[in-house]
Amino acid sequence: MKIFFLFTFSTFFWSPFEQAAASVHYDKILTHSRIRARDQGQNVCALQQVMGTKKKYFSTCRNWYQGAICGKKATVLYECCPGYMKMDGMRGCPAVAPIDHVYGTLGIVGATSTQQYSDISKLREELEGRGSFTFFAPSSEAWEQLDSEIHRNLIDNVNIELYNALHHHMVNKRMLTKDLKNGMTLVSMYNDQKLLINHYPNGVVTVNCARVIYGNQIATNGVVHVIDRVLTAVGNTIQDFIEVEDDLSSLRAAAITSDVLDILGKPGHYTLFAPTNEAFERLPRGLLERIMGDKVASEALVKFHILNTLQCSEAITGGAAYETLEGNTVEVGCDGESLTVNGVKMVKRKDIVTSNGVIHLIDEVLIPDSAKQVIELGGAQQTTFTDLMIQLGLASSLRPEGQYTLLVPLNGAFSDDTLRMDQRRLKTILQNHIINVKVGLNELYNGQELETIGGKLLRVFLYRTAVCIENSCMVRGSKEGRNGFIHILRQIINPAEKTLHEMLRNDKRFSVFLSLVKAADLDDVLSQPGKWTLFVPTNDAFKSLTDDDKDILIRDKNALRNILLYHLTQGVFIGSGFEPGVTNILKTIQGGKLYLKTVNDTLLVNELKSRESDLMATNGVIHVIDKLLYPADLPVGNDQLLTILKKLIKYIQIKFVRGSAFKEIPLTFYKPIIKTYTKIIDGRPVEVTEKKVTEERIIQGPEIKYTRITAGGSDNEEKLKKLLEDEVTKVTKFIEGDGHLLEDEEIKRLLQGAPVRKEQPTRRTQGGTARRRTRLAYP
């Protein structure tokens, strides 16, 4: 029976004494390749071959499902798994390959050039003899790719140079791929030269950055691993290479200045992306001088080019992030035969192997964020902000030794109208985005206030999946530079200037809603400091409301408060701060629940679209809606009120339960501001403790003038009497309980010595001290 042996580019052999050993990456990847090809028959493996090349891989899941390696399309091949072979007329690969000594195994795996050179260099006898060897055998293609001068020198001196070169590929003990641990160093059989082993998670195994393309071919006196290049001796450190390489003189100077060069002379497993002199020359002169003049920045620059892991080019089959000695990461990937760094083809020369790592020469200088000024941290999506900062002179005011935080809106946040603004106004807007201290993302907390260089206070709102500053929420991309942080925002920040009440009063769209707020005695809630979210219906929501309807609604204050306070919730909730597509439940002051979510950047409140969101107030935020909100589970017990509500609310069915009444909502959910201060009234100082004081001049005639003073809290009667006793001949007051009001005619009679009519006081509960109003007349 004719037997065909199918060659592959990697191998794995489960000998009886190896099956109990723990698998490593190479073996796991091979096992997955078996699984992918199980429909092809016994002992068949699936490989990927990069189109247009001879490179084959037992691929990772990622490359397999992408159908590509290094961005290049890969075709699928089915071959016998290593150590097996085909038989005529039988499906799959049912036969086991024969075992020979190392010399004979070189022929079995197709390393015929290495076998031939072993013969002419007199190494054959050793390879056929007794022992236990590991031979990293260059493929025939590897010998063809070797530098022609080096190749010629080896062939011209086969008994010494070629013999030593082949011995350099050998280790005096058997090492399977499972024994080749990442970062280990083996001693070769030539002059104890080092062989640096790397075993990567994607299954790639390298020796001095040469990839094992056919591994674990068992021999009677060892094992053969076929590799994709000829190994050369390694002696120097990375530091040694930099010190003698003329094309790296600029890097050498930077490494010396920053005290980093010595690190590269110590034992380790480093990867250096070394910028050439030409790369340094392309940097703006001022930028390079600033960095080199700052030891911290220059150290960051050099360390940003160094990985603390050894990354050979042949191990890169897709993009991955690697941490640098500077602390941040770089993205190392590949594009066909080219290596990429941060997505850019910049590697001119690959895999310069040293005793403590590998060097890749690059034609660009990598500048880490930590070596940049804060204004330089902006990316392609923030160019409008950075350009305006430069044009308006704000960039030059950011001192290199200063500490700043820039809140940078995306380019799309700047409308044409904004860009056409007067430069002074535009400069003020930008100043609202500059904080005079460094504040990192992990230092921000809910309720924090940040002061801008323009003197504005910006509030921080922290949500489950978002961080917002005033009306604008952050997107990913915060960075720390040499003199500050940069945070990327969706919108231009609009610092709050007015209270909720002032915003309603100044916008005609909300006049009906405001009149109802006033009728419900809720003005103070919206006027005083606090943290509220208010959903405000426009006048369009009340189009069907007649004057009579409004009067009926106002007369039932409990009903009115229940309706209005269903639009108010404690806390400031920015629309873009909600996790998209997820329902957020907010409890209102009325006690009911509001259901909010954002869909396609639109805020929905009980499934109603907010026409305009995130109108910032000093005490909260307004979201504009065009319909009145009403809690679906709140019944109405009054026919008239039901009729009115049905006119206004058509998107839900309002429950009617005859006789049910709205609960009373006392204004105890907020704390009025209590102040004690001295007020000057008609040139006289009066100490007042009150919630609110208003003064109004109402009458001034030829015979009498008086001032009306409205005070809440303590009435300060004794102090007012002392103030007036020099001018008032006789003042008698009868105040029986809070809320008594002396009318104008009574005050006149009182000042004329007439008795004053006593009235039972009227009390009003507003969640605070009842107001007392007193009018005093001067003779």
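Per-chain numbering applies: the sequence of each chain, read as written, is numbered from 1 onward. Where totals are concerned, whole chains, interfaces and linings use all residues; where local detail is concerned, this predicted model gives features only for residues with pLDDT of at least 70, and gives and counts side-chain atom pairs only at 80 or more. Working from all heavy atoms in the structure, the side-chain values ignore hydrogens and water.

Let us look at the pattern of salt bridges. A carboxyl oxygen of Asp or Glu within 4 Å of a side-chain nitrogen of Lys or Arg is what we treat as a salt bridge. For the structure on display, the rule yields 35 salt bridges. In this structure, the salt-bridge partner of arginine 124 is aspartate 119, at a minimum N-O distance of 3.8 Å. The rule is simple: take the accessible area with a 1.4 Å probe, protein chains only, and divide by the maximum for that residue type; under 20% is buried, over 50% is exposed, in between is partly exposed. For arginine 124, a relative accessible area of 33% translates into the label partly exposed. Among the ionic pairs, lysine 557 bridges to aspartate 521, the shortest N-O distance being 2.9 Å. Of this pair, lysine 557 sits in helix H21 (residues 557-565) while aspartate 521 sits in the loop between helix H18 (511-519) and helix H19 (523-527), and the two are 36 residues apart along the sequence. Its relative accessible area of 32% is what places lysine 557 among the partly exposed residues. Its relative accessible area of 24% is what places aspartate 521 among the partly exposed residues. Counted as one network, the salt bridges with shared partners bring together Lys55, Arg211, Asp228, Arg229, Glu314, Glu337 and Asp351. Runs of E in the DSSP output that reach at least two residues are strands. Runs of H or I that reach at least four are helices, and both are numbered from the N terminus.

A few words now on the nonpolar core. Among buried residues, those of type Ala, Val, Leu, Ile, Met, Phe, Trp, Tyr and Cys that are joined through side-chain atoms within 4.5 Å constitute a nonpolar core. With 47 residues, the main nonpolar core has Leu504, Ile622 and Tyr630 as its most contacted residues. For this analysis, residues touch if any pair of their heavy atoms sits within 4.5 Å. Those residues in contact with leucine 504 that sit more than four places away from it in its chain are Phe510, Phe513, Leu514, Leu526, Leu534, Val536 and Ile622.

The next point concerns the layout of surface pockets. In this structure, the second largest pocket spans a volume of roughly 1,200 Å³. Cavities and pockets are found on a 1 Å grid laid over the protein atoms alone: a cavity is a set of points where a 1.4 Å probe fits but cannot escape, a pocket is an open set with protein on both sides within 12 Å along at least five of seven lines, and a lining residue has an atom within 4 Å of such a point. If you go around the second largest pocket, you meet 40 residues; those closest to its centre are Ala142, Gln145, Asp228, Arg229 and Val230. Put simply, the parts of the chain that give the lining of the second largest pocket at least two residues each are helix H6 (140-145), strand S13 (210-219) and strand S21 (347-354). Sort the elements by how many residues they give to the lining of the second largest pocket and S21 lands first, with six residues. Considering only residue class, the lining of the second largest pocket consists of 17 nonpolar, 10 polar and 13 charged. Grid points are joined across faces, edges and corners, and a volume is the space filled by probe spheres set on the points. All amino acids are sorted into three groups, where Ala, Val, Leu, Ile, Met, Phe, Trp, Tyr, Cys and Pro are nonpolar, Asp, Glu, Lys and Arg are charged, and the leftover types, Gly among them, are polar.

What follows concerns the pairing of strand S26 (residues 457-462). As defined by bridge partners, strand S25 (residues 449-451) adjoins S26 across three bridges and the pair is classed as antiparallel. When the bridges of S26 are listed, glutamate 449 appears paired with arginine 459. Counting the residues between successive antiparallel strands, the hairpin from S25 to S26 contains five residues, one of them, glycine 455, with a positive phi of roughly 90°. As defined by bridge partners, S26 adjoins strand S27 (residues 467-469) across three bridges and the pair is classed as antiparallel. By the bridge assignment, phenylalanine 461 is partnered in S27 with cysteine 468. The loop that links S26 with its antiparallel partner S27 comprises four residues. Strands are labelled as partners when DSSP assigns at least two bridges between them.

Let's shift gears to the state of the cysteines. When the sulfur atoms of two cysteines come within 2.5 Å, that pair is taken as a disulfide. Considering all chains together, one arrives at five disulfides under this definition. The disulfide partner of cysteine 80 is cysteine 93, and the gap between their sulfur atoms is 1.9 Å. Taking the sign of the torsion about the S-S bond as the criterion, the disulfide between cysteine 80 and cysteine 93, at about -90°, is left-handed. Taken as a pair, cysteine 80 in strand S5 (residues 72-80) and cysteine 93 in the loop between strand S6 (84-87) and strand S7 (95-96) lie far apart in primary sequence, 13 residues in all. We classify cysteine 80 as buried; its relative accessible area is 1%. Residue classification places cysteine 93 among the buried positions, given a relative accessible area of 0%. At a sulfur-sulfur separation of 1.8 Å, the disulfide partner of cysteine 468 is cysteine 473.

Further remarks concern the sheet that holds strand S18 (residues 329-335). Pairing is antiparallel across the open sheet formed by four strands, whose spatial order is S17-S18-S19-S20. The sheet is open, and its two edges are formed by strand S17 (320-323) and strand S20 (344-345), each paired on a single side. One ladder, built from two bridges, connects strand S19 (residues 338-341) with S20; its direction is antiparallel. Across the sheet, residue valine 341 finds its bridge partner in S20, namely valine 344.

So, about the confidence of the model for the chain. Close inspection of predicted coordinates is inappropriate for parts of the model with low pLDDT. Every residue is assigned a pLDDT by the predictor, reflecting its confidence on a scale from 0 to 100. Chain-level pLDDT for the chain is 85 on average; 84% of the residues reach the 70-or-more range. In the predicted structure, residues 691-716 sits below a pLDDT of 50 and forms 63 contacts with residues beyond four places in sequence or in another chain. Every residue in residues 723-744 is under pLDDT 50, and counting partners more than four places away or in other chains gives 54 contacts.

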